[in-house]
Amino acid sequence: MSSNKPTLVFANSKGEIRDYEGLTMAGASGELFHCPDHAELIELPEGSELFVLPGRLPVGIEPDTGEPALLDADPYTGETDISAVAAFMAPAHTAVYTAAYQSQEKAPLLPLFAYTAVGWMDGKFWVAAFRSDQDNRQDIAGFNQNLINKRTEKKLRQHRDNRLIQHLGKCCLTYGCPAARNYFLGRWEAPLPSSPACNASCVGCISLQPSGCCPSTQDRIRFAPTAREIAEIAIPHLKNAPRPVVSFGQGCEGEPLLQASTLEKSIHMIRRQTTK
Ligand code: SF4
Ligand code: SF4
């Protein structure tokens, strides 16, 4: 990494992402804006995406004063129809700062993704973040979409009567969930979503937003699977997958303990047929 700081990036009126050397990158922490240290920056991880944030103007840092500054027009064309930009990072990474912006009047609500501060330096994008999980099980380089499509469609055809496998098919093919993808690839950790209900009521729940004010990013499972449906996934996975794990209660289902008696039955079925 050079000794320079990353510059601000913004989206122009055509949605093209540009860098602007007149301001350095800023990151937000609550209502405060900061210039990230070098130790707080990594190259944008492979598999990440960039989002344009509608109705939000980018904030950078004045290189001379270190003070936050609003960019309210395209420095190359003078057009005022510009937007802040954020990174949606690949799994296994944690943000240090969120994207720095100022919302304009009537800015639309954003969906419940994570919006990490991003800048440009040495011909690359940089994010204020760090790798928090060294395991490569969800790295994009390990996913071959054609193979995933083939294996998923085959399993869905073979198990038309198992609602949970059909649900995981949607998780895999519609949401691109890495845990569901690994299940259909027959390796590592397989998810067992089991509860349509939750006894918490998180404002930022990513699987259910009853108010409809902003969309949840995944639809929560709408049925409670039976012990047989759960075991039919878990038993072959635990017997055949490398480094096998099955897990109830991943990020976007309800509270699995609300289905405790079904889970108990499924665990008995799994333990009768595997050594796990
Ligand atoms: S499913 Fe998770 S995020 Fe949603 S309300 Fe329950 S605990 Fe909170
Ligand atoms: S419920 Fe969520 S975590 Fe579980 S497989 Fe579906 S998308 Fe992935």
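Residues numbered from 1 in each chain as written. Chains lettered and ligands numbered in written order. Predicted model: local features only at pLDDT ≥ 70, side-chain atom pairs only at ≥ 80, totals over all residues. Heavy atoms only, no water.

By the naming in an unreviewed UniProt entry, the chain is Radical SAM protein, taken from Candidatus Electrothrix marina.

### Looking at the site of ligand 1
Quick note on the threshold: Nearness of a residue to a molecule or strand requires only that one of the residue's heavy atoms be within 4 Å of it. Polar here means any residue other than Ala, Val, Leu, Ile, Met, Phe, Trp, Tyr, Cys and Pro, which are nonpolar, and Asp, Glu, Lys and Arg, which are charged; Gly is therefore polar.
Near ligand 1, the surroundings consist of Cys198, Ala200, Cys202, Cys205, Ser207, Arg220, Glu253 and Gly254. Of the residues contributing to the shell around ligand 1, the split by class is four nonpolar, two polar and two charged.

### Quick notes on helix H5 (residues 260-273)
Each α-helix winds once per 3.6 residues, and so residues spaced three or four apart point in a common direction. Just so we agree on the cut-off: Put simply, DSSP H or I for four residues or longer makes a helix, DSSP E for two residues or longer makes a strand, and each gets a number counted from the N terminus. Take the number of residues in a helix, subtract one, and multiply by 1.5 Å to get its expected span. Using a 1.4 Å probe on the protein chains alone, a residue whose accessible area is under 20% of its type maximum counts as buried, one over 50% counts as exposed, and one in between counts as partly exposed. What the arc describes is the spread of directions from the helix axis to the C-beta atoms. Two residues form a contact once any of their heavy atoms are found within 4.5 Å.
If you check H5, its first and last C-alpha atoms are 20 Å apart, about what 14 residues at 1.5 Å a residue would give, namely 20 Å. Those residues of H5 not exposed but buried are Thr262, Leu263, Ser266 and Ile270. Along the axis of H5, the buried residues cluster in a sector spanning 95°; they form a single face. Opposite the buried face of H5, by more than 90 degrees, sit the exposed residues Lys265, Arg271 and Arg272. Tucked into the core, H5 has its buried residues touching helix H4 (227-240).

### Focus: the site of ligand 2
Residues in contact with ligand 2, as listed here, are Leu168, Cys171, Cys177, Pro191, Pro193, Gln250 and Cys252. Among the residues forming the shell around ligand 2, the class breakdown is six nonpolar, one polar and no charged.

### With respect to the environment of Leu173
For Leu173, the location among the structural elements is in helix H2 (residues 163-173). Taking the C-alpha atoms as reference points, Leu173 and Pro242, separated by 69 residues in sequence, lie 22 Å from one another. Those residues within four positions of Leu173 in sequence are excluded, and the remaining contacts are Asn149, Thr152 and Leu156.

### Description of the sheet that holds strand S3 (residues 27-29)
We apply this condition: Here, a strand pair is defined by DSSP locating no fewer than two bridges between the strands.
What the three strands build is an open sheet, ordered S4-S3-S11; its pairing is antiparallel. Looking at strand neighbours, the two that pair on one side only are strand S4 (32-34) and strand S11 (98-99), the edges of this open sheet. The pairing of S3 with S11 spans two bridges and is classified as antiparallel. What sits directly across from Gly27, in S11, is Ala99.

### Points about H2
Condition: Think of a polar contact as two N or O atoms within 3.5 Å of one another; within protein, one of them needs to be a possible hydrogen donor and the other a possible acceptor, and neighboring residues in sequence only count if both atoms come from side chains.
Among the residues making up H2, those that are buried are Leu164, Ile165, His167, Leu168, Gly169, Cys171 and Cys172. In this fold, the buried residues of H2 make contact with helix H1 (145-158), helix H3 (178-184), strand S15 (189-191) and H4. The residue sitting at the N-terminus of H2 and contributing the capping side-chain oxygen is Asn162; that oxygen lies 2.8 Å from the backbone nitrogen of Leu164.

### Side note on the pattern of salt bridges
As a reminder, the rule being used: When a carboxyl oxygen of Asp or Glu lies within 4 Å of a side-chain nitrogen of Lys or Arg, that pair is called a salt bridge.
Counting across every chain of the model gives ten salt bridges. Across the pair Arg137 and Asp135 runs a salt bridge, and its minimum N-O distance is 3.9 Å. On the basis of relative accessible area, Asp135 is assigned to the partly exposed category, the value being 27%. Measuring nitrogen to oxygen at the nearest pair gives 3.5 Å for the salt bridge that ties Asp135 to Arg243. Taken together, the positions of Asp135 in the loop between strand S14 (124-131) and H1 and Arg243 in the loop between H4 and strand S16 (245-247) put the pair 108 residues apart, joining distant regions of the chain. One connected set of salt bridges, linked through shared partners, spans Asp133, Asp135, Arg137, Glu189 and Arg243.

### Observations concerning the nonpolar core
Put simply, the rule is: Here, nonpolar core means buried Ala, Val, Leu, Ile, Met, Phe, Trp, Tyr and Cys residues that are tied together by side-chain atoms lying within 4.5 Å of each other.
Core analysis: the largest hydrophobic core is formed by 24 residues, its most contacted members being Ile165, Leu168, Tyr183, Phe184, Ile233 and Ile270. Listed by contribution, the elements that provide at least two residues to this core are H1, H2, H3, H4 and H5. With six residues, the single largest contributor to this core is H4. Contact partners of Ile165, with chain neighbours within four places excluded, come to Lys155, Leu156, His159, Tyr183, Phe184, Glu232 and Ile233. Among the nonpolar cores identified, the runner-up in size contains eight residues, and Val9, Val85, Met89 and Val118 belong to it.

### Quick word on the pairing of S14
The side chains of a regular strand alternate, residue by residue, between the two faces of the sheet. Strand direction decides the pairing type here: strand S5 (residues 41-43) and S14, joined by three bridges, are antiparallel. Opposite Leu41, over in S14, you have Ala128 as the bridge partner. Pairing of strand S10 (residues 93-95) with S14, which is carried by three bridges, proceeds in the antiparallel orientation. Bridge pairing in S14 links Thr94 to Phe130. In this structure, strand S13 (residues 118-121) lies alongside S14, joined through four bridges in antiparallel fashion.

### So, the domain arrangement of the chain
Heads up, the rule is: Each domain's extent was defined by an automatic or database domain assignment. Values labelled buried area give the accessible surface lost by two parts on being combined, using a 1.4 Å probe and summing over both.
According to the domain assignment, the chain consists of domain 1 (7-131) and domain 2 (144-273). For domain 1 and domain 2, the distance between their C-alpha centroids amounts to 34 Å. In total, domain 1 and domain 2 occlude about 520 Å² of area from one another, counting both sides; carbon and sulfur atoms represent 83% of this. If you sort the residues of domain 1 by the area they bury against domain 2, Leu109, Pro111 and Leu112 come out on top, with a joint share of 79%. The interface formed by domain 1 and domain 2 contains zero salt bridges. There are zero residue pairs in polar contact (both at pLDDT 80 or more) connecting domain 1 and domain 2. Classifying every residue of the side of domain 1 that touches domain 2 gives six nonpolar, no polar and no charged.

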